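# What the coordinates show
So you can see what is in the structure, the chains are spelled out below.
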Amino acid sequence: MGIVATLEYLCELLRSVKKPKRRKQLQTVSLKVRMDCEGCKYKVKKKLSSMKGVKSVEVDLKQQKVTVTGYVEPSRVLRRAESTKKRCEIWPYVPYNSVAYPYVAPSYDRRAPPGYVRRVENTANTATMSTLEEKLATFFSDDNPNACSIM
């Protein structure tokens, strides 16, 4: 009986050992939230600060930007911000210098904060020339005196 009881005890211990949960990575989530006054700012900050895993919440009323840092998922932060009945979206702007053509129609936004343009994935692909067009453009270039011997 002693050996059987010991084996049962060891089996029970092995079953009860839980695998450690994967901890979420520390993330910074930026949102654009339409806020009009200090009361809106306080309401959004209070709602997002009460989330589990949030380390800090920074609210910029002038740019209407909320930055949440912590062990959180962006979709959950967005959902919690929308529960304040404010218009919310993931921060759609990138710095002006990181875009190849910032004044192309899809990326330029008059409502963007100074120094920012709207994040668009394919702006560089639409404005670039193909290799054939590039060869033709340099073939008749004024910079290269040997480019065209016909003239």
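First, a word on what this report is: a plain description of the structure on this page.

Rules and cut-offs
- Residues numbered from 1 in each chain as written.
- Predicted model: local features only at pLDDT ≥ 70, side-chain atom pairs only at ≥ 80, totals over all residues.
- Heavy atoms only, no water.
- Helix = DSSP H or I, 4+ residues; strand = E, 2+ residues; numbered from the N terminus.
- Expected span 1.5 Å × (residues − 1).
- Buried < 20%, exposed > 50% of the residue type's maximum accessible area, 1.4 Å probe, protein only.
- Arc of directions from axis to C-beta.
- Contact = heavy atoms within 4.5 Å.
- Phe/Tyr/Trp six-rings, centres within 6.5 Å; stacked < 30°, edge-to-face > 60°.
- Lys NZ or Arg CZ within 6 Å of the ring centre and 35° of its normal.

### Let's talk about helix H2 (residues 38–49)
An ideal rise of 1.5 Å per residue puts 16 Å on 12 residues; H2 measures up with 16 Å between its terminal C-alpha atoms. Among the residues making up H2, those that are buried are Cys40, Val44 and Leu48. Around the axis of H2, the buried residues are gathered within 55° of arc, so they sit on the same side. Counted as exposed and oriented over 90 degrees from the buried face of H2: Glu38, Tyr42 and Lys46. Turning to H2, the residues buried within the fold contact strand S1 (27–33), strand S2 (54–60), strand S3 (65–70) and helix H3 (74–82).

### Brief notes about the packing of aromatic side chains
One pass over the structure, following the stated rule, counts two aromatic pairs. Taking 6.1 Å as the distance between ring centres and 90° as the angle between the ring planes, the aromatic pair formed by Trp91 and Tyr116 counts as edge-to-face. In this pair, Trp91 is assigned in the loop between strand S4 (88–90) and strand S5 (93–95) and Tyr116 in strand S6 (residues 116–118), connecting sequence segments 25 residues apart. Residue classification places Trp91 among the buried residues on the basis of a relative accessible area of 5%. Among the aromatic residues, those joined into a cluster by ring pairs are Trp91, Tyr93 and Tyr116. Above the ring of Trp91, the side-chain terminus of Lys65 is found at 4.8 Å from the ring centroid.

Any link to function would need more than the numbers given here.
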